[in-house]
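One-letter residues, chain by chain:
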Amino acid sequence: MPRSKVLSGRSEPVYRYIVQQIFSGRLAQGERINEMQIAEACGTSRTPVHQALKQLELDGIVSIVPNKGVEVVTLTEESVHQIGELQLLFGWVTAKLAMHNGSAAEFLALQKLAQECQADMRSDDLETRIGANTRFYMEMAAIGKNSVMMPFLRKLFLQAGLVLAERYRDGDTCEKQSQMHFEIISALLGQDMGKFRDSILPQLVDLYGIEDFYAQIQNGQL
């Protein structure tokens, strides 16, 4: 799970707890968040809870509605497609940067991480599955050594977690995503962006239902 780079002290564990509740499916899209219950569960006052929720609002995970309270964001079909489009484009850029700036040793270390993530993605816990997938992609991004991109990716993966909390209920989908990690590593080691484009991007297209968007950027336009 991406961690907040803004919060600290008592609000950071509250932030992580709320994200875990959302990614695990215990807090569903559109569900009201009870600040008092969160405070009791985390053994803290409402101030750290409020700070965590404000950050989650900035991250696009919750909505704070005046006079109504706080609820988990409900993603529309359009929102899911927009997240998928960015996942696809950032995935391409991330792979390009990793190939340009990474080393064989780093790719092999990523392969070891992929093996660890594979075990987690076979877990029965949704948050564990989502966290494993995020951990892999954030590490690949780190190999690209572009610090400017990392905060954008962190926020993107948090929002993608809302989508994956639904998609990853299907064990077959998780297994396909896990196998894709190894295909990515093969492409990185072979410095083969063609393989990345032809065998990996279509899986993201299928996951997010962005066939029309992908069709527009094929034929050498991506």
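Coordinates for the structure precede this section.
As the structure is a computational prediction, the values presented were derived from the model and not from experiment. (Residues numbered from 1 in each chain as written. Predicted model: local features only at pLDDT ≥ 70, side-chain atom pairs only at ≥ 80, totals over all residues. Heavy atoms only, no water.)

### Points about the pattern of salt bridges
In total, this model carries nine salt bridges according to the counting rule given. Put simply, Glu175 and Arg122 hold a salt bridge, and the shortest N to O gap is 2.9 Å. Note that Glu175 is positioned in helix H8 (residues 171-189) and Arg122 in the loop between helix H5 (104-121) and helix H6 (126-143), a separation of 53 residues in sequence. For Glu175, a relative accessible area of 27% gives the class partly exposed. As a salt-bridge pair, Glu166 and Arg169 come within 4.0 Å of each other at their nearest N and O atoms. (Salt bridge = Lys/Arg side-chain N within 4 Å of Asp/Glu carboxyl O. Helix = DSSP H or I, 4+ residues; strand = E, 2+ residues; numbered from the N terminus. Buried < 20%, exposed > 50% of the residue type's maximum accessible area, 1.4 Å probe, protein only.)

### Topic: H8
Compared with an ideal rise of 1.5 Å per residue, which puts 19 residues at 27 Å, H8 spans 28 Å between its outermost C-alpha atoms and is within 8% of the ideal. All of the buried residues in H8 are Thr173, Cys174, Gln177, Ser178, Met180, His181, Ile184, Ile185, Ala187 and Leu188. Looking straight down H8, one finds that the buried residues subtend no more than 165 degrees of arc, so they occupy a single side. The outward face of H8, more than 90 degrees from its buried face, is lined by the exposed residues Asp172 and Lys176. Contacts from the buried residues of H8 go to helix H4 (77-101), H5, H6, helix H7 (150-167) and helix H9 (193-208). Among the residues trailing H8, Gln191 stands out with phi positive, at a value near 50 degrees. (Expected span 1.5 Å × (residues − 1). Arc of directions from axis to C-beta. Contact = heavy atoms within 4.5 Å.)

### What about the nonpolar core?
Counting residues in each nonpolar core, the largest one holds 72 residues, and the members touching the most others are Ile18, Ile22, Ile33, Ile184, Phe196 and Tyr208. Setting aside anything within four residues of it in sequence, one finds Phe196 in contact with Gly91, Trp92, Ala95, Ile184, Ala187 and Leu201. (Core = buried A, V, L, I, M, F, W, Y, C linked by side-chain atoms within 4.5 Å.)

### Considering the pairing of strand S3 (residues 69-72)
By the alternation rule, side chains of S3 split into Val70 and Val72, which are all buried, and Gly69 and Glu71, of which none is buried. Examined bridge by bridge, strand S1 (residues 32-33) and S3 share two bridges and lie antiparallel to one another. Each bridged residue has a counterpart across the sheet, and for Arg32 the counterpart in S3 is Glu71. Pairing geometry for strand S2 (residues 62-65) and S3, over four bridges, is antiparallel. Among the inter-strand pairings, Ile64 is bridged to a residue of S3, identified as Val70. Hairpin connection between S2 and S3: a loop of three residues separates the two successive antiparallel strands, and Asn67 in this loop has a positive phi of roughly 70 degrees. (Pairing = 2+ DSSP bridges.)

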